[in-house]
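The lines below spell out each chain.
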Amino acid sequence: MRLIPSTIGMATAAVLLSASASAHHGWGGNSEAFEIVGTVVANVDLSGPHATMQVRDADGQVWDITLAPAPRTARAQLRADTLAIGDQVTLTGMRNDDANRFEMKTRRVSHQGTNYDVYPPN
Amino acid sequence: MLELLSWLEGSALGEGLRASGVWTYGFLNLGHIAGISTLFGSVLMLDLRLLGLWRSVPLAMMSRPTVPLAVIGFSLAAASGVCMLSVNATEYYGNPFLLIKFPAIGLGLLNVVVVSFLPEWKERAERELSRLERKRLAIAGGVSLAAWATALGAGRMIGYW
């Protein structure tokens, strides 16, 4: 049947179309090592595909912080009640390659002398 | 679109799931994958049969296990998918793969409706189908496979955007 090759072709095209995409499943779109020193504006949220939080840096820029998946983040002892809004934190990870997106995939959250390593630090 | 996503995220479902522990999303994801694999595996077998493979297996025999399994798989995938989306729906606003996936699912479901009205499908167990009827079913099988494969591919890529 000639229909089979054309069907497989259409399906393959749909998958290949997305070869350049990147986000929470990879670090492809976050390649520059980065550090943020700032204050917590939205606390650790362990509900989605990845844990998240938000931090405001010294320039007033609010950053979306992507942590590990929730169970892994919680296992690193970083939970919803670990930090308080307004606490100073230092974060290290890889910032988003898009200069207009203030998002960082974060390896380490340092808070009051404790390091929470949600991924192994580089 | 954004209004719909905001409403879903703000719904009691979204609120409840976000508050229900660190493993919730992982289990929803597991349910989604189980549903998808059941659906797509069934669809693949039936569609390839409609496209002309395994002609020694009567169509009615092939549709007997694959159709109910596809329904179960779709139901599981749809239920878990709505739950997953409700956890952080607004984050997917503007995600192009979502805009490929949902029309593809719509096309797949529309195809199901169309096929269910075709006499050659309804009478597949009772009589021998003509060459033209087999061809029409093959086209439906091709549309189905393209639609569900597109939904599968675009769905997987949502998280990579």
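Here the structure is a predicted model, which means the values were calculated and not measured.

Caption draft 1: A look at the overall build of chain B. Along the backbone of chain B there are 7 helices and 0 strands. Ordered by position in the sequence, the α and β elements of chain B form the string α-α-α-α-α-α-α. Principal axes of the C-alpha set define a box for chain B whose edges measure 55 × 25 × 25 Å. Within the span of chain B, comprising 161 residues, buried residues form 43% of the whole. Summarising the internal contacts of chain B: among those between residues at least 6 apart in sequence, 77% fall at separations of at least 24. In the structure as shown, chain B presents an accessible area of about 8,700 Å², 71% of it carried by carbon and sulfur atoms. A distance of 11 Å separates the average location of the 13 positive side-chain charges in chain B from that of its 10 negative side-chain charges.

Caption draft 2: Quick peek at unusual backbone geometry. Within the chain, A:Gln112 stands out as a residue other than glycine whose phi angle is a positive 50°. Secondary-structure assignment places A:Gln112 in the loop between strand 5 (103-111) and strand 6 (114-117). Accessibility expressed as a relative area gives 65% for A:Gln112, which makes it exposed. Positive phi is not limited to glycine here, since B:Trp54 has a value of about 55°. Inspection of the secondary structure puts B:Trp54 in the loop between helix 3 (24-50) and helix 4 (59-87).

Caption draft 3: Structural context of the nonpolar core. Residues and elements named next belong to chain A. In terms of nonpolar packing, the biggest core is built from 23 residues, with Met 53, Ile 65, Leu 67, Leu 78, Leu 83, Leu 91 and Val 109 touching the most fellow members. Considering every element that reaches this core, the biggest residue donor is strand 1 (residues 32-45), with 3 residues. Residues contacting Leu 91, with those up to four places away along its chain left out, are Phe 34, Glu 35, Ile 36, Val 55, Ile 65, Met 104, Thr 106, Arg 108 and Val 109.

Caption draft 4: Representation of the pattern of salt bridges within the structure. All names here are of chain B. A full pass over the atoms with the stated rule returns 5 salt bridges over all chains. Of the charged contacts in the structure, one is a salt bridge between Glu 120 and Arg 136, with a shortest N-O distance of 2.6 Å. With Glu 120 in helix 6 (residues 119-122) and Arg 136 in helix 7 (residues 131-157), the pair connects residues that are 16 residues apart, well separated along the chain. Exposure remark for Glu 120: the relative accessible area of 0% places this residue in the buried category.

Basis of the calculations
Residues numbered from 1 in each chain as written. Chains lettered and ligands numbered in written order. Predicted model: local features only at pLDDT ≥ 70, side-chain atom pairs only at ≥ 80, totals over all residues. Heavy atoms only, no water. Helix = DSSP H or I, 4+ residues; strand = E, 2+ residues; numbered from the N terminus. Buried < 20%, exposed > 50% of the residue type's maximum accessible area, 1.4 Å probe, protein only. Contact = heavy atoms within 4.5 Å. Areas by Shrake-Rupley, 256 points an atom, 1.4 Å probe, with all protein chains shown as cover. Lys, Arg positive; Asp, Glu negative; His and termini not counted. Charge placed at Lys NZ, Arg CZ, Asp CG, Glu CD. Core = buried A, V, L, I, M, F, W, Y, C linked by side-chain atoms within 4.5 Å. Salt bridge = Lys/Arg side-chain N within 4 Å of Asp/Glu carboxyl O.

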